[in-house]
Amino acid sequence: LGVLTSGSQLALELFAARGYEVLVFHAVGSGGRAMEQMLRQGILGAVFDYAMGEVTDELFGGLRAGGKERLTVAGSLGLPQVLCPGGVEHVGVLVSPNTVPERWRDHAHVFHNPVVLAPRLNAEEMRQVAREIGRRLQTTRGNAVLMLPKDGTGRYAMPGGPLRDPAGDAAFFAELQAVVPKTITVVERPLHAEDPAFVRECVDRMVALIEQRVGPA
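In short, a report on the structure. (Residues numbered from 1 in each chain as written. Predicted model: local features only at pLDDT ≥ 70, side-chain atom pairs only at ≥ 80, totals over all residues. Heavy atoms only, no water.)

Here we look at the overall build of the protein
Then, in step 1: Scanning the protein from terminus to terminus reveals seven helices and seven strands.
Then, in step 2: Going from the N terminus to the C terminus, the protein shows its helices and strands as α-α-β-α-α-β-β-β-β-α-β-α-β-α.
Then, in step 3: Rg of the C-alpha trace for the protein: 16 Å, near the compact-globule value of 17 Å for 217 residues, within the 12% margin.
Then, in step 4: Principal axes of the C-alpha set define a box for the protein whose edges measure 55 × 35 × 30 Å.
Then, in step 5: With 217 residues in all, the protein has 53% of them scored as buried.
Then, in step 6: Within the protein, counting contacts between residues at least 6 apart in sequence, those at least 24 apart form 74% of the total.
Then, in step 7: Put simply, the protein shows about 9,400 Å² of open surface, and 53% of that area lies on carbon and sulfur atoms.
Then, in step 8: For the protein, the distance from the average position of its 22 positive side-chain charges to the average position of its 24 negative side-chain charges is 4 Å. (Helix = DSSP H or I, 4+ residues; strand = E, 2+ residues; numbered from the N terminus. Rg over C-alpha atoms; globule rule 2.2 N^0.38 Å. Buried < 20%, exposed > 50% of the residue type's maximum accessible area, 1.4 Å probe, protein only. Contact = heavy atoms within 4.5 Å. Areas by Shrake-Rupley, 256 points an atom, 1.4 Å probe, with all protein chains shown as cover. Lys, Arg positive; Asp, Glu negative; His and termini not counted. Charge placed at Lys NZ, Arg CZ, Asp CG, Glu CD.)

Below, the structure is given as structure tokens:
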């Protein structure tokens, strides 16, 4: 996604060291759609779903909208999942160079590049995203862990980031925990999403779910 790159690269290294082959899908809309389709086709056996900004953009008209199936297929198939709401705190909006549309002028924002604006959602908008994620995860009946990085869901939201908003994050996490199915194990950590300790635990939990289901790689 660009705001989760170092965490993704570390995860790839850790999975490779454990003997797993990984396909990477960029969370820009087309990537999420392709992933869900390949899950349905039986090409993929498990999902480390590290970036959910495609759900945010589906709600708020952003570039990364991942379609109505996003976050539903793996759960309906009972596949192992480790989930992390990476990048949910902002929308990706195509704009004229270095221009902020009226819709987002009262929001904190940063330019991802000159023509892609990333406005930070406010607390109520974050709750909307949480409710939509919870609704989509109702298909998940088990074999899933939701990892919550309480110190920031991506590079922009981590300490020192331009979209840092601990109160908005807290509203999101509280709402999300209230709406996810009880079949999903929820793990909170006082770390940001790219913290190496957070990523390592995500990978360890992913491997444990896979090996519990099919045995070691």
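On we go.
Here's the deal with a nonpolar patch on the surface
Then, in step 1: A surface patch of nonpolar side chains, amounting to about 220 Å² of accessible area, comprises Leu12, Val22 and Val24.
Then, in step 2: Of note, valine 22 is situated in the loop between helix 1 (5–17) and helix 2 (30–40).
Then, in step 3: The exposure class assigned to valine 22 is partly exposed, which follows from its relative accessible area of 35%. (Patch = residues over 30% accessible without salt bridge, like charges linked within 9 Å, V, L, I, M, F, W, Y side chains within 5 Å. Salt bridge = Lys/Arg side-chain N within 4 Å of Asp/Glu carboxyl O.)

A word on the sheet that holds strand 7 (residues 185–189)
Then, in step 1: With parallel pairing, the four strands of this open sheet are ordered in space as 1-2-6-7. Of all the strands in the sheet, just strand 1 (47–51) and strand 7 have a single pairing partner and so form its edges. Adjacent strand axes in the sheet meet at a mean angle of 15°, parallel and antiparallel pairs treated alike.
Then, in step 2: The pairing of strand 6 (residues 144–149) with strand 7 spans five bridges and is classified as parallel. Within strand 7, the residue paired with leucine 146 across the bridge is valine 186.
Then, in step 3: Set on the sheet, helix 7 (residues 196–214) makes contact with strand 1, strand 2 (81–86), strand 6 and strand 7; between it and strand 6 the angle comes to about 175°. (Pairing = 2+ DSSP bridges. Axes fitted to C-alpha atoms, helices over the stretch in contact; angles between N-to-C directions.)

Fair warning: the whole summary comes from geometry, so function is off the table for now.
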